[in-house]
Structure formats: C-alpha cells, structure tokens
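Next come the chains, spelled out residue by residue.
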Amino acid sequence: MTKKNIRFILNPISGSHGKAEIPGLIDDIIDKERFEYEIRTTQYAGHAAELARESVADGIDVVVAIGGDGTVNEVARSLVHTRTALGIIPCGSGNGLARHLCIPIDIKKSLKIINSCKIEKFDYGVINDLPFFCTCGMGFDAFISFKFAESGKRGPITYVENVLKEGLKYKPETYEVEDETGAKRYKAFLIACANASQYGNNAYIAPHATMRDGLMDVVILEPFAALDAPQISMDLFSKTLENNSKIKTFKSRRIHIHRKEPGAIHFDGDPIMTGTDIDVHMEEQGISIVTNPDVVEDTKQANPVLNAFSDFFNNINNVREDIVHQGRRIQTINKVLLRRLTR
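Remember, it's a predicted structure, so these values are computed and weren't measured experimentally.

Novice: So what's going on with the overall build of the chain? Which residues, and what values?
Specialist: Scanning the chain from N- to C-terminus turns up eleven helices and 16 strands. Taking all 343 residues of the chain together, the buried fraction comes to 51%. Here the chain has roughly 16,000 Å² of accessible surface; of this, 53% comes from carbon and sulfur atoms.

Novice: Tell me about unusual backbone geometry, residues and numbers included.
Specialist: You will see that Asp129, though not glycine, has its phi angle at about 70 degrees, which is positive. Within the secondary structure, Asp129 is located in the loop between β5 (118-127) and β6 (130-132). Among the residues examined, Asp129 registers a relative accessible area of 72% and is labelled exposed. The phi torsion at Asn201 lies on the positive side, around 55 degrees, for a residue other than glycine. Among the structural elements, Asn201 can be located in the loop between β10 (190-194) and β11 (216-221). For Asn201, a relative accessible area of 15% corresponds to the buried category.

Novice: Describe the side chain of Asp268, listing the residues and the values that go with them.
Specialist: Mapped onto the elements of the fold, Asp268 is located in the loop between β14 (263-267) and β15 (270-274). It is Arg77 that comes nearest to the buried, bridge-free Asp268 among opposite-charge side chains, at 7.5 Å. Looking at Asp268, its side chain comes within polar contact range of the side chain of Asn73, at 2.7 Å. Apart from the residues lying within four places of it in its own chain, the contact partners of Asp268 are Asp69, Asn73, Phe132, Phe133, Cys134 and Thr135.

Novice: I'd like a description of the side chain of Asp123, backed by residues and values.
Specialist: Note on placement: Asp123 falls in strand β5. Buried Asp123, no salt bridge; nearest opposite-charge side chain is Arg253, N-O distance 7.0 Å. A distance of 3.2 Å separates a polar atom in the side chain of Asp123 from the backbone nitrogen of Asp213. At 2.6 Å, the side chain of Asp123 forms a polar contact with the backbone nitrogen of Gly214. Setting aside residues up to four positions removed in sequence, Asp123 forms contacts with Asn195, Met211, Arg212, Asp213, Gly214, Leu215, Met282, Glu283, Glu284, Gln285, Gly286 and Ile287.

Novice: Before we move on, could you go through helix α2 (residues 47-57) and cite the residues and values that matter?
Specialist: Listing the buried residues of α2 in full gives His47, Ala48, Ala49, Leu51, Ala52 and Ser55. Tucked into the core, α2 has its buried residues touching β1 (4-10), β2 (35-41), β3 (62-67) and α3 (69-77).

Novice: I'd like to hear about the environment of Asp217, residue by residue, with values.
Specialist: When you line up the elements, Asp217 lands in strand β11. The spacing of Asp217 and Lys251 is 34 residues in sequence and 4.7 Å in space, taken between C-alpha atoms. Those residues within four positions of Asp217 in sequence are excluded, and the remaining contacts are Ala192, Cys193, Ala194, Ala206, His208, Ala209, Phe250 and Lys251. A distance of 2.7 Å separates a polar atom in the side chain of Asp217 from a polar atom in the side chain of Lys251.

Novice: So, the sheet that holds strand β7 (residues 135-139): which residues are in play, and what are the values?
Specialist: The strand order β12-β11-β10-β7-β14-β15 describes an open sheet built from six strands, whose pairing is antiparallel. The open sheet has two edge strands, β12 (247-252) and β15, and neither has a second partner. Recorded for the sheet is a direction-independent mean angle of 20 degrees between the axes of neighbouring strands. The pairing of β14 with β15 spans five bridges and is classified as antiparallel. Along β15, the bridge assignment pairs Ile265 with Ile272.

Novice: Requested: an account of helix α1 (residues 22-29), with residues and values cited.
Specialist: At 3.6 residues per turn, the α-helix brings residues three or four places apart onto the same side. What α1 keeps buried is the set Ile22, Leu25, Ile26 and Ile29. All buried residues of α1 fall inside an arc of 100 degrees around its axis, so they share one side. Buried-residue contacts for α1 involve β1, β2, β3 and α5 (107-116).

Novice: Let's hear about the pairing of β7: which residues, and what values?
Specialist: Of all five residues in β7, five are buried, a share of seventy percent or more. Here β7 pairs with β10 via five bridges, running antiparallel. Along β10, the bridge assignment pairs Met138 with Ile191. Bridge analysis of β7 against β14 gives three bridges, and the strand direction is antiparallel. Bridging from a neighbouring strand, Cys136 pairs with Phe267 of β14.

What counts and how
- Residues numbered from 1 in each chain as written.
- Predicted model: local features only at pLDDT ≥ 70, side-chain atom pairs only at ≥ 80, totals over all residues.
- Heavy atoms only, no water.
- Helix = DSSP H or I, 4+ residues; strand = E, 2+ residues; numbered from the N terminus.
- Buried < 20%, exposed > 50% of the residue type's maximum accessible area, 1.4 Å probe, protein only.
- Areas by Shrake-Rupley, 256 points an atom, 1.4 Å probe, with all protein chains shown as cover.
- Lys, Arg positive; Asp, Glu negative; His and termini not counted.
- Salt bridge = Lys/Arg side-chain N within 4 Å of Asp/Glu carboxyl O.
- Polar contact = N/O pair within 3.5 Å; in protein donor to acceptor, adjacent residues only side chain to side chain.
- Contact = heavy atoms within 4.5 Å.
- Pairing = 2+ DSSP bridges.
- Axes fitted to C-alpha atoms, helices over the stretch in contact; angles between N-to-C directions.
- Arc of directions from axis to C-beta.

Here is the structure:
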C-alpha cells in the first residue's frame, strides 16, 4: 500500500497555550504504516501560506494546520482548487472552522481524525479577493477584530473585554446591499457573511449555515439599545440569534455592499482596511478537508436536536463540560454588561 504524505504546519504563537508537546504527540499517534509525515514551523506572518503552497508543489496529500483560525485560513487559501487536502489541529483562541466541523479541540482526538483521513469537499467564500472559510464581515465585528489584533493578548476573555469596552459606543453605519433579488439599504451594527455557523468559541452567528450548499448566510444586526445587549449575547451562544428581532438574515451566492466611507473588513477574524465597495461570493466545492468520520456536517446543521443527542452519547464528558462552560460564559458576559449599564 502506498503511503500518503502529510505535512504539519505548526504556528508556535497562535492561541494562548504552548505547543512543545505536539511533535511528540504526532509521533505517538500518527499511523506510520499509512502515512509519511514531517513537521514545519512557521517563522513569520504569512509563512504558513508559503509552506502550504510549497506543499502543493511537492505533491503532499494532506497539509495540517496546527494553530488558530488565522493559521487555518493561511494554509487553506493556498490549497483551494488543488488535490491537496486541509487537516486541522485546532490550537487557537476561537477555532471557528474546527468547531463547525466537529473537530475536537483535544489534540490527541484531532490527531486520530487525521489518522482516519476521511476527505470531503466544501465551499469557501471570497471577500474582495480574500478567501474565507468560516465567516467574513464588516462593521462592529471587523472593528473588534482590529482591537483584538492590537491588544497583544489572545483568548476569549480578551475578545469579550474589547466587545464590552467598545460595543456600547460604536456607531452603526448605513449599507446598500445588493444580491440576486435587488438592492436594499440597511442601517446596521454589523453585516456578517457566513460559510460556516460560528465565529469561534461556540458563538453562533449563523446557526443553520452549511458549507455544502453554495450559499452564504448573510446576517445583518440592526442598531439596538444597550438594554438589548444581554439578550443578543445569550442568543449568540444559544444558537437562537435568528429569532432576535434585531436580526435580518438571507442566503445568497454573491452580494455587493456599498458604504459611504472606507473602513475595516475581516476574513476569518483577520482584519484589513478596504474601500467603500465590497464584493462577497461563494466558490462551490473548492476546498478538500479532512473531516470527523463520526459526523456528517450537513446533517448536524439540519437537525441539531438529533445530533445533540448523538454528540452526548459519543462524548458525554466533553458535552457536559461544554454546557457548563457556555453557561458560565453567558452569565459572565451578562453580569458585566448589566454592571456597565447601571453605572
């Protein structure tokens, strides 16, 4: 049997935890009868994309991104429309794409998924020529992405601190959004385009998004009062955001957005300044990804109740810990929001 070649690309500074143990775990867990592997470490911003392009040229079968959403995006955008598949060992602060695909955050378990080597094709999106695989957007979430990048600290606590500090004074913008059905004007706090269901940390901006339908879920958060913030945060983490009266959603293959002033956009959380016109479109079946063999992504998105039971029985400890963690996160966010509102 011919062995597959795997190249691991490790970002040593992503997330908030050290990664010194990962090479040893790879050597212990990877099935050496099926795979030849090597590990490359990134040295600077953009290096992961370079290493991934080299891997394609070298005919590598699977390139595994070890890091956060930024690292995954760098690697993945170099693999689109090639025969080289993306693998993910999630080690970041958000891990949005990995969570959507039900790839465990536990490194040993995610390495076992690499061993299974079940490869499927998925859609990805493009915003102003920049590929994204999870979400992109403009408005408040792009603004916060800049603040998060400037803070020098990672992790969900830093992100929440920035949201609480800046959120109550951020001014909504007016956008003209044009899709296949025509153009509409919105005054919005943010506009998100979702290929996958969440930003990361189980914050579900588009709970029913799927990476297989050739469509993005466009989510528009309209201006809201400060007293609405706790409910919006709860809806974000409980997969019920679409039921909030401040949310407008629709699906589309491509959209054009015009705003009055240049500003920030983000792609998978990475911010960049751009002009007044923004184009977003979907590329169908353009990226191959190593997936969890125990989960069908479409089924999980379409029937969350049945899959919640499946997840529970497959991994009861992880589900219990996640429920407790999410409850505590929501309580913490709402307590801080209420303290700020009553000052």
